[in-house]
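# Geometric and topological summary
The primary structure of each chain is shown beneath.
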Amino acid sequence: MAAPFAFAIPAHDRKLIPDGRFSGTMSWVMAIMLFLTLLAAAAAISLGNAANQGSDTLASEATVQLLDPDPAARAAQQKAVAELLRRTQGVEAVTVIPEAQSRKLIEPWLGEAANDADIPVPALIDVRFDSPPTVATLRQVQQSLRRVSQSVRIDSHASWMEPFVSLMQTLFLLALSVMLLLLLATAATVVLSVRGALNTHRTTIEIMHMMGSTDIQAARLFQRRVALDALFGGMVGLLAAILVLWLLGSRFSALEPGLLADAGMPLYGWLLLVVIPVGVAALAMLTARWTVLSALKKII
Amino acid sequence: MQSVAEFDNVGLRYGTGSETLTDISFTLFPGSFYFLTGPSGAGKTSLLKLLYLSLRPSRGAIRMFGHDTVTMTRDRLPGFRRRIGVVFQDFRLVPHLTAFDNIALPLRIAGITEKDLQGPVSEMLSWIGLSERAEARPAMLSGGEQQRVAIARAVIGRPEILVADEPTGNVDPEMAVRLLQLFAALNRLGTTVVVATHDIHLLQEIEGAQMMRLEKGRLSDPTGSLKHPPRPLILKN
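Conventions we followed
The numbering scheme is per chain: residues are counted from 1 as the chain's sequence reads. Ligands are numbered from 1 and chains lettered from A, in the order in which they are written. For this predicted model, a pLDDT threshold of at least 70 governs which residues receive local features, and a threshold of 80 or more governs which side-chain atom pairs are given and counted, while totals over whole chains, interfaces and linings are taken from all residues. The side-chain figures draw on all heavy atoms in the structure; neither hydrogens nor water molecules are used. Labels follow the DSSP assignment, with helices taken as runs of H or I lasting at least four residues and strands as runs of E lasting at least two, numbered in each case from the N terminus. Just to be clear, the radius of gyration here is over C-alpha atoms, and the globule rule we use is 2.2 Å times residues to the power 0.38. Working rule for contacts: check all heavy atoms of both residues, and any pair within 4.5 Å makes them a contact. Two residue types count as positive, namely Lys and Arg, and two as negative, namely Asp and Glu; His and chain ends fall outside the count. Lysine's charge is taken at NZ, arginine's at CZ, aspartate's at CG and glutamate's at CD. Note on aromatic contacts: the rings of Phe and Tyr and the six-membered ring of Trp form a pair at centre separations within 6.5 Å, being stacked when their planes are under 30 degrees apart, edge-to-face when over 60 apart, and tilted otherwise. Criterion for a charge above a ring: Lys NZ or Arg CZ within 6 Å of the ring centre, and within 35 degrees of the ring normal. For this document, the term salt bridge refers to a Lys or Arg side-chain nitrogen within 4 Å of an Asp or Glu carboxyl oxygen. Buried means the residue's accessible area, taken with a 1.4 Å probe over protein chains only, is under 20% of the maximum for its type, while exposed means over 50%, and partly exposed covers the values in between. Residues adjacent in sequence count toward polar contacts only when both atoms are side-chain atoms; beyond that, a polar contact is any pair of N or O atoms within 3.5 Å, and within protein one must be able to donate a hydrogen and the other to accept it. Gly falls in the polar group here, along with every residue not listed as nonpolar (Ala, Val, Leu, Ile, Met, Phe, Trp, Tyr, Cys, Pro) or charged (Asp, Glu, Lys, Arg). Where each domain begins and ends is defined by an automated method or by a domain database. Lines fitted to C-alpha atoms define the axes here, with helix axes fitted over just the stretch in contact, and angles between the N-to-C directions of these axes take values from 0 to 180 degrees. What sets the label is the angle itself: under 35 degrees gives roughly parallel, over 145 gives roughly antiparallel, 65 to 115 gives roughly perpendicular, and the rest give oblique. Less than a right angle of anticlockwise turn of the near helix away from the far helix marks a crossing as left-handed, whereas a clockwise turn marks it as right-handed. For two strands to be treated as a pair, DSSP must find at least two bridges joining them. A helix is expected to span 1.5 Å for every residue after the first.

## Some details on the overall build of chain B
Scanning chain B from terminus to terminus reveals six helices and ten strands. In summary, chain B has a C-alpha radius of gyration of 17 Å against a globular reference of 18 Å for 237 residues, a match within 12%. Seen through its C-alpha atoms, chain B measures out along the principal axes to roughly 45 × 40 × 35 Å. Excluding contacts between residues fewer than 6 apart, the proportion of contacts in chain B whose partners are at least 24 apart in sequence is 70%. If the 27 positive side-chain charges of chain B are averaged to one point and the 24 negative ones to another, these points end up 5 Å apart.

In structure tokens:
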């Protein structure tokens, strides 16, 4: 089987280091490594994005609960509190949650009973501040709302979503570590492969050496082949990764909006995925060059 | 006259063993022809390896083309190696290259373009009588044919010094004389030639050639010319 992109190497250099003895499985190993690296990178980017978006959004949001047992009083208080919030400095948006929607939230636990008028559900108001409010700000807002209703309670989203954001950040670091380990493993694969190829072609290299070939000339024979193998592997890995990510994306989009809704891939993420195979090809090339030059230093 | 090679009290030891070469001192002058003789194991190949910069000596000084090559940094050696043509005893042809590509190798290493090397390589193949076998790999060539390819490869770059280790060992007497004539022709163009050989008859083929004799790692100088420029060569036809 001819090595991928063989046309990019001058014919006489191809003859010196025949493809069949070197690249063969190398490009497919690179494809697998790149596929896994890209999946890890995609996970890291998506989770990082989710953690950032989640923490940014959550830090500025709070929910106001009105717990008055009387439904009519609760509805009136909800309206008055919403009005008061809209006039409060630093509040960007106020969303009154209809009672039907509140009941829908408890439906998974209570079933049809959730719609029973005898079961009191708190009146909810979502508040978004123009900047993340401090604890003191929230306390101040709560005190001013108490003038309308003594049963009012205000909860910052950040407090109950913090474990989720923390989990996302941990998973992000884990995915990033996996990606870095895979890059290291890819470099190690290149070193082993080049050392093997150097052993196979030691006689050729020694003969060239005796004829005045420089170390750089010898290294070039290997580094170019490795870079092209890595580039081919990168392209195959990228296509496979895009396919898998597209399938996963379609599964995620079928989910109800919720905690994972933010775990999408931003545009810069897709661009980064395209850049990674090129970066890995460059890394592989430099690793091959370093390996050959280090080995050749041992002969005079 | 600047020497091509100058050895001064050179010693060579492999690992911790005894010295393979001891107190070797000689000077090779441009345009001279030398035969290196001696029994097997005398150190001829080791001496040639020092000459073609494949080894560094354990002691002593070596100057090639006026430069100290013992302390020279690695990155400067390739430039000197390109000025030296080598015919290895075991030919050392690249097994997966054709005869044409093996001969073209030094030119490609030197950066000669494909267009410019076609003519000289074809001409060389014709001269060694292997035009028809240009695309044959070494495994498809006889021992004598491989040796001719090895010699062609050594001389294609018009080296300033040609070092040949038993170059006629695998060819018939007629071809041996033809090869020596090629060396003599190169020598007439100014190339210094050093031929290691067992074949005492070859010594008579080139008049004026100097003889270096190695015995047990020590060099004797029967013609007394190794320290002094030899007289101009008169080559037999």
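## Structural notes on the packing of aromatic side chains
Evaluation of the coordinates by the stated rule reveals five aromatic pairs over all chains. With a centroid separation of 5.2 Å and 90 degrees between ring planes, the pair formed by Trp-28 of chain A and Phe-232 of chain A is classed as edge-to-face. Separated by 204 residues along the polypeptide, Trp-28 of chain A in helix α2 (residues 26-59) and Phe-232 of chain A in helix α8 (residues 215-253) bring together distant segments of the chain. When the ring centre of Phe-65 of chain B is taken as origin, the NZ or CZ atom of Arg-83 of chain B, which lies over that ring, is 4.0 Å away. In this structure, Arg-92 of chain B is placed above the aromatic ring of Phe-88 of chain B, and the distance from its NZ or CZ to the ring centre is 5.5 Å.

## Considering the pattern of salt bridges
Evaluated as defined, the whole model comprises 15 salt bridges over all chains. The partner of Glu-83 of chain A in a salt bridge is Arg-86 of chain A, with the nearest N and O atoms 3.3 Å apart. Highlighted residues: Glu-83 of chain A and Arg-86 of chain A, both in helix α3 (residues 71-87), separated by three residues, approximately one helical turn. Residue classification places Glu-83 of chain A among the partly exposed positions, given a relative accessible area of 40%. Among the ionic pairs, Arg-108 of chain B bridges to Asp-101 of chain B, the shortest N-O distance being 2.8 Å.

## Points about the interface of chain A and chain B
Taken residue by residue, the interface counts 23 residues in chain A and 23 residues in chain B. Taken together, chain A and chain B are joined by two salt bridges. For the salt bridge of Arg-92 of chain B with Glu-206 of chain A, the shortest nitrogen-to-oxygen distance reads 3.1 Å. Counting the contacts that link chain A with chain B gives six residue pairs in polar contact (both at pLDDT 80 or more). Of all the secondary structure elements, the ones that give two or more residues to the side of chain A that touches chain B are α1 (11-16), α7 (202-210) and α8 of chain A. A breakdown of the residues in the side of chain A that touches chain B according to their chemical character gives nine nonpolar, nine polar and five charged.

## Here's the deal with the environment of Leu-272 of chain A
Structurally, Leu-272 of chain A can be placed in helix α9 (residues 267-296). Between the C-alpha atom of Leu-272 of chain A and that of Ile-45 of chain A, which follows or precedes it by 227 residues, the distance is 9.1 Å.

## Structural notes on the domain arrangement of chain A
Domain annotation for chain A reports domain 1 (6-55 + 162-296) and domain 2 (68-150). For domain 1 of chain A and domain 2 of chain A, the distance between their C-alpha centroids amounts to 51 Å.

## Observations concerning the side chain of Asp-68 of chain A
Residues and elements named next belong to chain A. As for its position among the elements, Asp-68 is in the loop between β1 (61-66) and α3. For Asp-68, which is buried and forms no salt bridge, the nearest opposite charge comes from Arg-74, at a distance of 6.2 Å. A polar contact of 2.9 Å, which involves the side chain of Asp-68, links it to the backbone nitrogen of Asp-70. Excluding residues that lie within four positions of it along the chain, Asp-68 makes contacts with Ala-73, Arg-74, Gln-77 and Ser-151.

## Quick notes on the packing of helix α6 (residues 157-200) of chain A against α9 of chain A
Residues and elements named next belong to chain A. At their nearest, the axes of α6 and α9 sit 9 Å apart, and the two run at 40 degrees to each other. Considering their axes alone, α6 and α9 lie oblique with respect to each other. Handedness of the crossing formed by α6 with α9: right-handed. For the pair α6 and α9, the contacting residues are Met-179, Leu-183, Thr-186, Ala-187, Val-190, Val-191, Val-194, Arg-195 and Leu-198 in the first and Ile-276, Val-280, Leu-283, Ala-284, Thr-287, Ala-288, Trp-290, Thr-291, Val-292 and Ala-295 in the second. Classifying every residue of the contact of α6 with α9 by side-chain character gives 15 nonpolar, three polar and one charged.

## What to know about the side chain of Ser-32 of chain B
Tracing the backbone shows Ser-32 of chain B in the loop between β2 (19-28) and β3 (33-37). Classification of Ser-32 of chain B as buried rests on a relative accessible area of 3%.

## A few points about the pairing of strand β4 (residues 59-64) of chain B
Residues and elements named next belong to chain B. Sheet topology places strand β1 (residues 5-13) next to β4; five bridges connect them, and they run antiparallel. By the bridge assignment, Phe-7 is partnered in β4 with Ile-62. Adjacent in sequence and paired antiparallel, β4 and strand β5 (residues 67-68) are bridged by two residues, among which Phe-65 carries a positive phi angle near 50 degrees.

## Description of helix α4 (residues 99-110) of chain A
End to end, α4 of chain A covers 15 Å across twelve residues, agreeing with the expected 16 Å (1.5 Å per residue, within 8%). Count one or two residues on from α4 of chain A and you reach Gly-111 of chain A, which has phi positive near 65 degrees.

## Structural notes on unusual backbone geometry
All names here are of chain B. Of note in the backbone geometry, Leu-53 takes a positive phi value of approximately 60 degrees without being a glycine. With relative accessibility at 4%, the residue Leu-53 sits in the buried group. Backbone geometry at Phe-65 places phi at a positive 50 degrees, although glycine is not the residue there. As for its placement among the helices and strands, Phe-65 is situated in the loop between β4 and β5.

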